[in-house]
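What follows is the residue order along each chain.
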Amino acid sequence: MDIVTAHDRPSTPREAIGIQETLRGLVELEDRCPQEIVTVTGLDVAYDEDSGLIAAAAVTLETDGFRVVEKRTVVSRISFPYEPGLFAFRELPPLLDALRALDHVPDLLVCDGHGLAHPRRFGLACHVGVVTGLPTVGVGKTRFVGEHDEPGFERGSRRPLLDDDEVVGAVLRTQDGVKPLYVSVGHKISLDNACLQVLRLCPAFRQPETTRQADRLARDALKEAL
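Because the structure is a prediction, the values reported are computed rather than measured.

Further remarks concern the overall build of the protein. When helices and strands are counted, the protein shows 5 helices and 8 strands. Tracing the protein from N to C terminus, the helices and strands come up as α-β-β-β-α-β-α-β-β-β-β-α-α. On C-alpha atoms alone, the protein measures out to a radius of gyration of 16 Å, which is about the 17 Å that the 2.2 N^0.38 rule sets for 226 residues. When its C-alpha atoms are laid out on the principal axes, the protein stretches across 40 × 40 × 35 Å.

Strand order in this open sheet of 8 strands is β3-β2-β1-β4-β5-β8-β7-β6, and the pairing throughout is mixed. The sheet is open, and its two edges are formed by β3 (68–77) and β6 (158–163), each paired on a single side. On average, each strand axis in the sheet is inclined to that of its neighbour by 25°, with strand direction left out of account. Across 3 bridges, the pairing between strand β4 (residues 108–111) and strand β5 (residues 136–140) is parallel. For valine 110, the partnering residue across the bridge sits in β5 and is valine 137. Most of the contacts of helix α4 (residues 191–200) go to strand β7 (residues 166–172), to which it runs at about 15°, and overall it touches β4, β5, β6, β7 and β8 (181–187).

What follows deals with the packing of aromatic side chains. Counted according to the given criterion, the structure contains 2 aromatic pairs. Taking 5.6 Å as the distance between ring centres and 40° as the angle between the ring planes, the aromatic pair formed by phenylalanine 80 and phenylalanine 89 counts as tilted. You'll find phenylalanine 80 and phenylalanine 89 in the same group, each marked buried. Geometrically, the ring pair formed by tyrosine 82 and phenylalanine 87 is tilted, given 5.3 Å between the ring centres and 50° between the ring planes. One residue, arginine 212, lies across the ring of phenylalanine 205, its end atom 3.7 Å from the ring centre.

Relative orientation of the contacting elements helix α2 (residues 88–100) and helix α3 (residues 124–132) amounts to 40°, with a least axis distance of 10 Å. Taken together, the axes of α2 and α3 are oblique relative to one another. Helix-helix and strand crossings are classified by hand; for α2 and α3 the assignment is right-handed. Touching Ala88, Phe89, Glu91, Leu92, Leu95, Leu96 and Leu99 of α2 are Leu124, His127, Val128, Val131 and Thr132, all from α3. Residues that form the contact of α2 with α3 fall into these classes: 9 nonpolar, 2 polar and 1 charged.

With that settled, consider the layout of surface pockets. By volume, the largest pocket amounts to about 560 Å³. Forming the walls of the largest pocket are 26 residues, and the residues nearest its centre are Phe87, Glu91, Asp112, Gly113 and His114. Among the residues making up the lining of the largest pocket, the classes are represented as 9 nonpolar, 10 polar and 7 charged.

Glancing now at the nonpolar core. In globular proteins that are soluble, nonpolar side chains generally tend to be buried together. Core analysis: the biggest nonpolar cluster contains 43 residues, and Leu108, Val137, Val183, Ile189 and Val198 have the highest contact counts within it. Apart from residues no more than four positions distant in its own chain, leucine 108 is found in contact with Ile37, Thr39, Val40, Thr41, Pro135, Thr136, Val137, Ile189 and Gln197. Core analysis: the second largest hydrophobic core is formed by 21 residues, Met1, Ala56, Ala98 and Leu109 among them.

A word on α4. Burial within α4 is extensive, with 7 of its 10 residues counted as buried. Taken residue by residue, α4 has Leu191, Asn193, Ala194, Cys195, Gln197, Val198 and Leu199 as its buried positions.

What counts and what doesn't
- Residues numbered from 1 in each chain as written.
- Predicted model: local features only at pLDDT ≥ 70, side-chain atom pairs only at ≥ 80, totals over all residues.
- Heavy atoms only, no water.
- Helix = DSSP H or I, 4+ residues; strand = E, 2+ residues; numbered from the N terminus.
- Rg over C-alpha atoms; globule rule 2.2 N^0.38 Å.
- Pairing = 2+ DSSP bridges.
- Axes fitted to C-alpha atoms, helices over the stretch in contact; angles between N-to-C directions.
- Contact = heavy atoms within 4.5 Å.
- Phe/Tyr/Trp six-rings, centres within 6.5 Å; stacked < 30°, edge-to-face > 60°.
- Buried < 20%, exposed > 50% of the residue type's maximum accessible area, 1.4 Å probe, protein only.
- Lys NZ or Arg CZ within 6 Å of the ring centre and 35° of its normal.
- Parallel < 35°, antiparallel > 145°, perpendicular 65-115°, else oblique.
- Left-handed = near helix turned anticlockwise from the far one by under 90°.
- Nonpolar A, V, L, I, M, F, W, Y, C, P; charged D, E, K, R; others polar.
- 1 Å grid on protein atoms, 1.4 Å probe; cavity = no way out; pocket = protein on both sides within 12 Å on 5 of 7 lines; lining within 4 Å.
- Points joined across faces, edges and corners; volume = space filled by probe spheres on them.
- Core = buried A, V, L, I, M, F, W, Y, C linked by side-chain atoms within 4.5 Å.

Distances and angles like these do not, on their own, reveal function.
This is the structure in structure tokens:
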């Protein structure tokens, strides 16, 4: 994949916040993804703070049957400090390297993290989407910002995630009775479509199959590097 980095790496949290505030105006909230999404790439990272290593994984699956099309991992040094709301600046460099190593451009990216559901409306999924130009969805396991009512018990039930009376995502039940996931727009996809795609990727488990496989791959790559 050809990816042009949109900015230099920041050296301070203030510089990083400035980049987020500049780039968030480039996020597109309308559906500009293929009408039929055939391939989806899951993105995830694993850390080892003691060694200072981070492993990033990109796994592309077919949506019909979840056959693995290709997968790539990158292990590198953590290059940005731990700062809530600025995780993208730790995770983005190796994730982009993993994406660059892919031979095929997927129809959709799914990040283990948030998109608009972020204090500055520019979480990891927005950042990845803007930099790559690809439709991107953020799927978080826990709430970062906002408030919500509990969705219904059944798979597919959802409630809006509200922050300062703004809808920044959806709280989506992907299996009957399991804890919901926090779905938010990253780039070039609507919230309704984002929820639809996440449900398609969760036929049997709480998390999307893309995230499950990327998580396992990143952990294995990190273990091999230690």
